[in-house]
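# A look at the structure
This is what each chain is made of:
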Amino acid sequence: MFVKHNYKIMEFIDRIEEQKRLKRVLNNEQSSFVVIYGRRRIGKSTLIKKVLSESDIYFMADRSEQPLQREMMANVVADIIPGFNLAQYPTWEALISTLNQRCENKFTLCLDEFPFLVEHSPELPSILQKLIDSKNMKFNLVICGSSQQMMEKAVLDATEPLYGRADAILKMKPIALPFLKEALNTTDIATFEEYSVWGGVPRYWILREKETNIESAIEYHIFHPNGILYDEPNRLFIDDLAQSTQSETLLSVIAGGSNRISEIAARMGKKATDLGRPLKKLINLGFLYKEVPFGEDENNSKKSLYKIADPFMDFYYTYVVPNRSLIGLGRTERVIQKMNMTFSSYTGQWWEYYCRQAISGQDLFGSTWQFASRWWGSVLNSETKTNESIELDVVAMSDNNRKLLVGECKWTEGEYAERLFNMLQHKASLLPFAKNKEVEFVLFLKSEIIDEDFIVPENCHILYPKDVIGLL
């Protein structure tokens with residue numbers, strides 16, 4: 001049974017650094033211009049509302065025509081500046097300049113969903129630029145939006161009016177895995193299982209919390225045509241992609257096990273050269289990442305694999321998209337059964353991912369480790385004179401390049417540590433980049449080992465979910 005929490009606490013877990021940074025810039029003596037952006041439901045508005053006071057102005061834009069938008073904003077301002085809505089404002093410049101003139105005590109103005117305003121009023125960024133450049137802006141200005149591409153273009157593109165003018169740019173990222181354990185008050189093992197479904201989006205955690213267990217939450221919110229998250233990817237794509245069909249196809253194909261660009265292109269009936277830009281766009285938006293074997297250059301490797309970078313999106317394209325027909329017929333129980341058959345191996349992939357994250361940059365086993373990654377390839381066994389195909393879940397080099405860490409990840413019950421250690425030793429003995437290196441072996445295991453009498457060597461370490469969560 002999961003412990004219930006206040007939803008507002010749930011929404012604001014792990015935003016301490018963002019709070020500090022935002023408060024610091026807004027409390028400057030001079031007025032500040034701040035940009036906040038990130039995918040939908042990531043907690044941008046919640047962060048802003050947490051920091052703003054009753055004397056600040058928060059305006060949530062929509063897709064209404066600009067005269068109505070200005071009227072609605074004037075009404076919001078009137079709560080702070082009495083009578084502000086009694087006048088008519090034919091342009092945004094008239095409204096913004098009047099607001100600046102009537103500002104007696106510095107406050108913060110937040111324009112949330114800023115891209116909606118620019119959609120009907122493309123001149124607005126130039127108007128704001130003029131006010132900022134005048135050095136006479138009397139209030140703090142915060143613009144916020146879910147369209148990551150538009151927001152980045154507005155402040156990072158040298159051709160745009162607001163380029164180079166922000167005092168702070170906050171890109172909101174998913175909440176880290178350890179905080180899900182805190183939010184749901186669950187076990188270490190269950191934390192990895194839950195995170196492999198919901199990822200780090202606060203809104204998803206709130207929906208999950210309303211149900212008694214993970215299976216019922218999946219069934220009600222994801223595996224039902226009326227579920228709040230049933231069409232969630234479409235809503236996310238709308239913010240940044242003019243055409244979502246190709247993106248949906250790419251994620252479906254990748255979730256289905258086609259990870260090389262040649263395989264993806266073949267499945268889609270396209271040329272590999274036609275997929276470079278859409279794949280790069282999905283990477284920039286945080287939906288995909290490119291994986292290369294340890295030691296290879298991402299830009300030049302011929303072994304590049306494309307993986308889904310977000311747990312929720314991975315879960316959706318692994319279990320919802322292939323089963324849409326069954327879900328449409330109301331045969332949710334059958335979909336749940338199919339999910340349960342593979343859910344352990346699905347979670348295991350994310351377990352591997354976070355084991356690598358846990359090692360990267362850490363001081364462990366007497367060394368500081370560089371970025372950890374996988375390695376796969378064919379190596380020659382000098383004894384048998386044959387080539388062996390080897391895969392390693394975790395490989396990292398120490399900062400001084402004297403030590404090599406190799407690890408095996410298992411998300412199953414009943415593992416024998418001695419067998420896994422011997423297997424890792426054999427693999428490491430064949431690796432060309434392990435020569436003249438001191439090797440540290442790490443077993444990342446879901447549960448306690450069976451062979452408790454196994455005397456673990458000094459250069460072998462066993463980490464469990466609790467340990468990994470502590471490192472993340």
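The rules behind the values
Residues numbered from 1 in each chain as written. Predicted model: local features only at pLDDT ≥ 70, side-chain atom pairs only at ≥ 80, totals over all residues. Heavy atoms only, no water. Helix = DSSP H or I, 4+ residues; strand = E, 2+ residues; numbered from the N terminus. Buried < 20%, exposed > 50% of the residue type's maximum accessible area, 1.4 Å probe, protein only. Areas by Shrake-Rupley, 256 points an atom, 1.4 Å probe, with all protein chains shown as cover. Core = buried A, V, L, I, M, F, W, Y, C linked by side-chain atoms within 4.5 Å. Contact = heavy atoms within 4.5 Å. Pairing = 2+ DSSP bridges. Axes fitted to C-alpha atoms, helices over the stretch in contact; angles between N-to-C directions. Salt bridge = Lys/Arg side-chain N within 4 Å of Asp/Glu carboxyl O. Phe/Tyr/Trp six-rings, centres within 6.5 Å; stacked < 30°, edge-to-face > 60°. Lys NZ or Arg CZ within 6 Å of the ring centre and 35° of its normal. Parallel < 35°, antiparallel > 145°, perpendicular 65-115°, else oblique. Left-handed = near helix turned anticlockwise from the far one by under 90°. Nonpolar A, V, L, I, M, F, W, Y, C, P; charged D, E, K, R; others polar.

### Structural notes on the overall build of the chain
Secondary structure summary: the chain contains 21 helices and 14 strands in total. The C-alpha extent of the chain, read off along each of the three principal axes, is 85 × 55 × 50 Å. Residues counted as buried form 51% of the 472 residues belonging to the chain. With an accessible surface of roughly 22800 Å², the chain has 48% of that area assigned to carbon and sulfur atoms.

### With respect to the nonpolar core
Counting residues in each nonpolar core, the largest one holds 88 residues, and the members touching the most others are Ile222, Phe223, Phe315 and Phe444. Per element, the largest residue contribution to this core is 12 residues, and it comes from helix 19 (residues 332-359). Contact partners of Ile222, with chain neighbours within four places excluded, come to Val197, Trp198, Ala217, Leu229, Tyr230, Phe312, Phe315, Tyr316 and Val320. Membership of the second largest hydrophobic core comes to 38 residues, among which are Ala78, Leu99, Leu117 and Phe139.

### Notes on the sheet that holds strand 2 (residues 57-60)
In spatial order, the strands read 2-3-4-1-5; together these five strands make up an open sheet with parallel pairing. Every interior strand has two partners, whereas the edge strands, strand 2 and strand 5 (168-171), have only one. Each strand of the sheet is rotated relative to its neighbour by a mean of 15 degrees, with strand direction disregarded. Both strand 1 (residues 33-37) and strand 4 (residues 140-145) contribute to a ladder of five bridges, which runs parallel. Along strand 4, the bridge assignment pairs Phe33 with Leu141.

### A short note on the pairing of strand 5
Side chains of strand 5 alternate between two faces, with Ala168 and Leu170 buried and Ile169 and Lys171 left unburied. Alignment of strand 1 against strand 5, held across four bridges, turns out to be parallel. Note that in strand 5 the partner of Val34 across the bridge is Ala168.

### Points about the sheet that holds strand 14 (residues 460-463)
Pairing is mixed across the open sheet formed by five strands, whose spatial order is 10-11-12-13-14. Whereas interior strands pair on both sides, the edge strands pair on one side only; in this sheet they are strand 10 (373-381) and strand 14. Between one strand axis and the next, the sheet turns through 40 degrees on average, direction left out of account. Bridge count for strand 11 (residues 386-397) against strand 12 (residues 403-410) is four bridges, and the pairing is antiparallel. Across the sheet, Ala396 pairs through a bridge with Leu405, a residue of strand 12. Sheet contacts for helix 19: strand 10, strand 11, strand 12, strand 13 (438-445) and strand 14; angle to strand 11, the most-contacted strand, approximately 55 degrees. Strand contacts of helix 20 (residues 417-430): strand 10, strand 11, strand 12, strand 13 and strand 14, with the helix running at about 140 degrees to strand 13, the strand carrying the most contacts.

### A look at the pattern of salt bridges
In the structure shown here, the tally under the stated rule is 25 salt bridges. Between Arg208 and Glu194 there is a salt bridge; the shortest N-O distance is 3.0 Å. In this pair, Arg208 is assigned in helix 11 (residues 202-209) and Glu194 in helix 10 (residues 188-198), connecting sequence segments 14 residues apart. Assessed through its relative accessible area of 0%, Arg208 is described here as buried. Residue class for Glu194 comes out buried when judged on its relative accessible area of 1%. With a shortest N-O distance of 3.6 Å, Lys446 and Glu413 are connected by a salt bridge. A residue pair is termed long-range when its members are at least 10 positions apart, and Lys446 in the loop between strand 13 and strand 14 and Glu413 in the loop between strand 12 and helix 20 qualify at 33 residues. Bridged by salt links that share partners, the residues Glu291, Lys307, Glu352, Arg356, Arg374 and Glu391 form one connected network.

### Observations concerning the pairing of strand 1
Most of strand 1 sits out of view: five of its five residues are buried. Of the two faces of strand 1, the one holding Phe33, Val35 and Tyr37 and the one holding Val34 and Ile36 are both buried throughout.

### Digging into the environment of Ser216
Here Ser216 shows up in helix 12 (residues 214-221). The class for Ser216 is partly exposed, based on a relative accessible area of 21%. Along the chain, Ser216 and Ile336 lie 120 residues apart, while their C-alpha atoms are 9.6 Å from each other.

### Describing the packing of aromatic side chains
Applying the stated criterion across every chain yields a total of 23 aromatic pairs. Measuring from ring centre to ring centre gives 5.5 Å for Phe107 and Phe139, while their planes differ by 5 degrees; the resulting arrangement is stacked. Pair noted here: Phe107 is in the loop between helix 5 (92-101) and strand 3 (108-112) and Phe139 is in the loop between helix 7 (124-133) and strand 4, with a separation of 32 residues, a long-range link. When its relative accessible area of 5% is taken as the criterion, Phe107 is described as buried. The exposure class assigned to Phe139 is buried, which follows from its relative accessible area of 1%. Seen from their ring centres, Phe223 and Phe315 are 5.9 Å apart, and the 10 degrees between their planes marks the pair as stacked. On the criterion of sequence distance, the pair formed by Phe223 in the loop between helix 12 and helix 13 (232-238) and Phe315 in helix 17 (residues 311-320) is long-range, its members being 92 residues apart. Like Phe223, the residue Phe315 is buried in the burial classification. Grouping aromatic residues by their ring pairs yields a cluster made of Tyr195, Tyr289, Trp350, Tyr353 and Tyr354. Seen from the ring of Tyr230, Arg324 lies directly overhead, with NZ or CZ sitting 5.2 Å from the centre.

### A look at the packing of helix 10 against helix 11
Interaxial distance between helix 10 and helix 11 falls to 10 Å at its minimum, and their mutual angle equals 120 degrees. Between helix 10 and helix 11, the angle falls in the class oblique. Both helix 10 and helix 11 take part in a crossing whose hand is right-handed. Here Glu194, Tyr195 and Trp198 of helix 10 lie close against helix 11, whose contacting residues are Tyr204, Trp205 and Arg208. Considered class by class, the residues forming the contact of helix 10 with helix 11 number four nonpolar, no polar and two charged.

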